[in-house]
Amino acid sequence: MMKKTFAVPGEVVLDDLLAGFPHASAVLDEGFKIVALNHMLEALTGYNRDIAVGVYADFILRSNMANSRGQVFQRVAETGETVSIVGDIINRSRKRIPVRFTVSLLRTRRSNQAKGLLVVLEDISAIQATVQTTLLSEWSTNIIGHSPKMQAVFEIMPLMARTEASILITGETGTGKDKIAETIHRNSPRGRFQFVKINCGALPADLLESELFGHVKGAFTGAVRDKAGMFKLADKGTIFLTEIGDMPLPLQVKLLSVLDDRAFYPVGGERKEKVDVRVIAATHRSLSEQVERGAFREDLFYRLNVLHIHLPPLREREGDIRFLLDFFLQDYATRLGKEIQTFSEAALRHLLEYPYPGNIRELRNIVEYCANICRKSNIEKEDLPRYIFEKRTEIQQTVLPAASAGEAVREKRPAPLVLERPAVAENWPATEREMILQALTTTRGNRSKAAEILGWGRTTLWRKMVRHGLA
Amino acid sequence: MKILITAQGDFVAQRFDLTAEVVLATVENGELVGKSRTIIMDRPSPEDLSNMIMEENISVVICGGIEDRHYQFLTWKKIRVIDYVIGDHETVLRRFLAGELQPGDLLPLTRSDLSL
């Protein structure tokens, strides 16, 4: 097809043309020497036109856009395709400036021949500074954690934000999986598009399918109009499937096909919808165990588990509890307009010893309770919720088998039995009986595994079970 | 006195931090001693390059664009830095030997071919 071209009648003074550009710009000749440049480029590079005109653009721009020996310029000249690269320049004041380079081909009107290049340099230092501030604030204050385990998570998050691969986030309830997912999305190239969250465990299978993939009019009773599903809404953005472990098996098949083909059929639809969506999934369950039980498709598990983040429970995050307590106390005191300053020693001792099975969500709720109840400047033991003291006598068991970051999905070894606070009023035989029961519950009645957890031989376990009337 | 010129092909490299090739020359009494030699670095790295400058006891660095922190480091180490030089490194070296090279010098380059 013949390309239509338009040109300003007569000869255009390039300097005049470039003067109207909102960014630093230059026109280069076929040999990539500067022919014309605007004032913004002079200001950005620190070279005035008397020096710059006639000099190879590389020597004036001093960029890192992989333009060694004019490679980028050459590519644009040959292919005619406009190239946009984010990089930096070092200007005459020895300052490094982040820049987005856009290089496009200039052709003549008559012969349609390449005659030069237009180079536009957009100073993105302000944008990058904002992004860095946002990143810093999101990474460090929105998601709080100074413990080594959380630092490891923070280190890996920016890397994950930069990729397109699916992410699986595991962690107990209340560990902040949603927050992590959203932060990754906001700081990814998809950040300006939608972040759509859907809880796979909250809806019945049919409804979930319709919610995820949409439906066409008449697909089922009540489907009076076409409805776009979450996947369509999240196009170019990220879909966050929380409680993925609760997704019904038939839907898992459909999800797998979306991940593979990037397309799906809406419920009752005949036309395939194409989508460009990044999937982040989260679960508090051990998906590998669910795969073993046949409750989760193995292929989908591997498809989702390209990148994996495990969020440690609060009890494994040394030092973070104190930090979070202070942070939430300050937050709630401000919100409630109270002048509460800190926790008393006794209150703090109880709060630090508490295992927080509900993790950060529970800790935040406890602090909110305290801040509401407290009438003095310090939170006393009496201001703490009663159930904290009751729970201290219970045997704590983790919801999810403990697994450190990066290995949660391959835990083949038996889960360790956590016996944090044995019942103080009971004697050893009663505690031993509890331990056996706990181990058997964890291993779902498998005596060999239970014996392994307890550190006993299988015969010893059997003997003790008989003694406690459990066999 | 040892001189280091950051190079890219025949020219002074555009940037110190992206330099992967250097030309080393020894000068005594304003004369070049022996031939200058070229060293190819493993990778462009301003830190490695700075280390090399220290290890080789370089007195003068001739380069293109350089970030202020690297410039400050070198001058703090009492190394003379002639930066933002544009030109081919052989001519640059000759100019230096003649005592005529200044920071920001633009050596005569072809100013033809402005065909647009």
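In this text, all values refer to a predicted model and were calculated from it rather than measured experimentally.

Things to note about the overall build of chain A
So, step 1. Counting its regular elements, chain A contains 20 helices and 16 strands.
So, step 2. A sequence separation of at least 24 residues applies to 64% of the contacts in chain A between residues at least 6 apart.

Considering the interface of chain B and chain A
So, step 1. The partner chain A presents 22 residues to the 20 residues of chain B that form the contact.
So, step 2. Here the side of chain B that touches chain A is composed, by residue class, of nine nonpolar, six polar and five charged.

Considerations on the confidence of the model for chain A
Residue and element names in this part refer to chain A.
So, step 1. Mean pLDDT over chain A: 81, with 84% of residues reaching 70 or higher.
So, step 2. Mean pLDDT per element in chain A: helix H6 (residues 125-142) is the minimum at 55, and strand E13 (residues 278-283) is the maximum at 94.
So, step 3. Here residues 1-5 scores under 50 on pLDDT; set against residues more than four positions off or in separate chains, the count is one contact.

Structural notes on the packing of helix H1 (residues 46-55) of chain B against helix H2 (residues 68-76) of chain B
Residue and element names in this part refer to chain B.
So, step 1. Interhelical geometry of H1 versus H2 gives an angle of 10° and a closest axis separation of 11 Å. As judged from the angle between their axes, H1 and H2 are roughly parallel. Crossing of H1 against H2: the hand is right-handed. Of the residues in H2, those in contact with Pro46, Ser50 and Ile53 of H1 are His70, Phe73 and Leu74.
So, step 2. For the contact of H1 with H2, the residue count by class is four nonpolar, two polar and no charged.

Structural notes on the sheet that holds strand E2 (residues 34-37) of chain A
Residue and element names in this part refer to chain A.
So, step 1. Taken in spatial order, the five strands line up as E2-E1-E5-E4-E3 in an open sheet, and their pairing is antiparallel. Taken across any chain shown, the strands that pair with only one partner, and hence form the sheet edges, are E2 and strand E3 (83-90). Ignoring which end each strand starts from, the neighbouring axes of this sheet average 30° apart.
So, step 2. Taken together, the five bridges between strand E1 (residues 24-28) and strand E5 (residues 114-123) define a ladder with antiparallel strand orientation. Bridging from a neighbouring strand, Ala24 pairs with Leu121 of E5.

Thresholds, definitions, all that
- Residues numbered from 1 in each chain as written.
- Chains lettered and ligands numbered in written order.
- Predicted model: local features only at pLDDT ≥ 70, side-chain atom pairs only at ≥ 80, totals over all residues.
- Helix = DSSP H or I, 4+ residues; strand = E, 2+ residues; numbered from the N terminus.
- Contact = placed C-beta atoms within 7 Å.
- Nonpolar A, V, L, I, M, F, W, Y, C, P; charged D, E, K, R; others polar.
- pLDDT = per-residue confidence, 0-100.
- Axes fitted to C-alpha atoms, helices over the stretch in contact; angles between N-to-C directions.
- Parallel < 35°, antiparallel > 145°, perpendicular 65-115°, else oblique.
- Left-handed = near helix turned anticlockwise from the far one by under 90°.
- Pairing = 2+ DSSP bridges.

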